[in-house]
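# Understanding the architecture of this molecule
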Amino acid sequence: HGGASGYLALMAFYSSSPEIARPTALVLNCVIALVASYFFIKSGNFSWKLFWPFALASIPAAYFGSLITLDPTYYKKILGALLIFPILKLSGIFKAKESEIQEQSIPLSLLIGAAIGLFSGMIGIGGGIILSPVILLLHWADMKQTAAVSALFILVNSLAGMVGQIKQGLVFSSEMFLMVSVALAGG
């Protein structure tokens, strides 16, 4: 994943304002998701068939979500709520049983993509932290394909969110270039 949820959690912990945190997380997301996407596509783990319905609906939704300015209190509550789902998945509460890969539902994928895109744009994440558990729970792909699809999904949503934020006047932290260097080295 691009890491935006982790970046945002750390920036919230250090009292960064959403006006600084959102664009910083999106830039960091773009850098890491671009690297991850390149390597996943190169290794043959990427599935365009799985990716396109999510991306088709999420890109415009992420753009429009990024135009929504949330009160900092609501911003932190929505961010916290979105972080609960992957925490529950990682803790084993939403443990998916091993089974065969199921046929993807295009209408459901479009709906999921739009919802994730909207919230991603509002908060400043790429949405992979939500998409990955959903794909795995629905048995639409294995772990590597899920990670590959999520990486590019994160990239396109982060770019759509940044376009919306540029329209509103993007604010970058002076430390962002240092953060990008550290994230790139880690990624």
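If you're wondering where the values come from, they're calculated on a predicted model, not measured in any experiment.

### Focus: the pattern of salt bridges
- In this structure the tally under the stated criterion is one salt bridge.
- Lys49 is the salt-bridge partner of Glu103, the closest N and O atoms lying 3.5 Å from each other. Of this pair, Glu103 sits in the loop between helix 4 (72-90) and helix 5 (106-123) while Lys49 sits in helix 3 (residues 48-66); the two residues are 54 residues apart in sequence, bridging distant segments of the chain. As far as the burial class goes, Glu103 and Lys49 line up, both exposed.

### Looking at a nonpolar patch on the surface
- A cluster of nonpolar side chains, contributed by Leu10, Phe13 and Tyr14, occupies part of the molecular surface with about 430 Å² of accessible area.
- Note on placement: Tyr14 falls in the loop between helix 1 (4-13) and helix 2 (18-43).

### Quick look at the nonpolar core
- Residues Phe51, Phe54, Leu131 and Ile135 are the most contacted members of the largest nonpolar core, which totals 39 residues.
- Where this core is concerned, the elements lending two or more residues are helix 1, helix 2, helix 3, helix 5, helix 6 (128-137), helix 7 (143-168) and helix 8 (176-186).
- Beyond its immediate stretch of four places on either side in the chain, Ile135 contacts Leu50, Phe54, Trp140, Ala141, Thr146 and Val149.

### Concerning the packing of helix 3 against helix 7
- Two elements in contact, helix 3 and helix 7, have axes separated by 8 Å at closest approach and are oriented at 20 degrees. In terms of axis orientation, helix 3 runs roughly parallel to helix 7. Crossing handedness for the pair helix 3 and helix 7: right-handed. Together, Trp48, Leu50, Phe51, Phe54, Ala55, Ser58, Ile59, Ala62, Tyr63 and Ser66 of helix 3 and Val149, Leu152, Phe153, Val156, Asn157, Ala160, Gly161, Val163, Gly164, Gln165, Lys167 and Gln168 of helix 7 make up the contact between the two elements.
- Residues that form the contact of helix 3 with helix 7 fall into these classes: 14 nonpolar, seven polar and one charged.

Cut-offs used in this document
- Residues numbered from 1 in each chain as written.
- Predicted model: local features only at pLDDT ≥ 70, side-chain atom pairs only at ≥ 80, totals over all residues.
- Heavy atoms only, no water.
- Salt bridge = Lys/Arg side-chain N within 4 Å of Asp/Glu carboxyl O.
- Helix = DSSP H or I, 4+ residues; strand = E, 2+ residues; numbered from the N terminus.
- Buried < 20%, exposed > 50% of the residue type's maximum accessible area, 1.4 Å probe, protein only.
- Patch = residues over 30% accessible without salt bridge, like charges linked within 9 Å, V, L, I, M, F, W, Y side chains within 5 Å.
- Areas by Shrake-Rupley, 256 points an atom, 1.4 Å probe, with all protein chains shown as cover.
- Core = buried A, V, L, I, M, F, W, Y, C linked by side-chain atoms within 4.5 Å.
- Contact = heavy atoms within 4.5 Å.
- Axes fitted to C-alpha atoms, helices over the stretch in contact; angles between N-to-C directions.
- Parallel < 35°, antiparallel > 145°, perpendicular 65-115°, else oblique.
- Left-handed = near helix turned anticlockwise from the far one by under 90°.
- Nonpolar A, V, L, I, M, F, W, Y, C, P; charged D, E, K, R; others polar.

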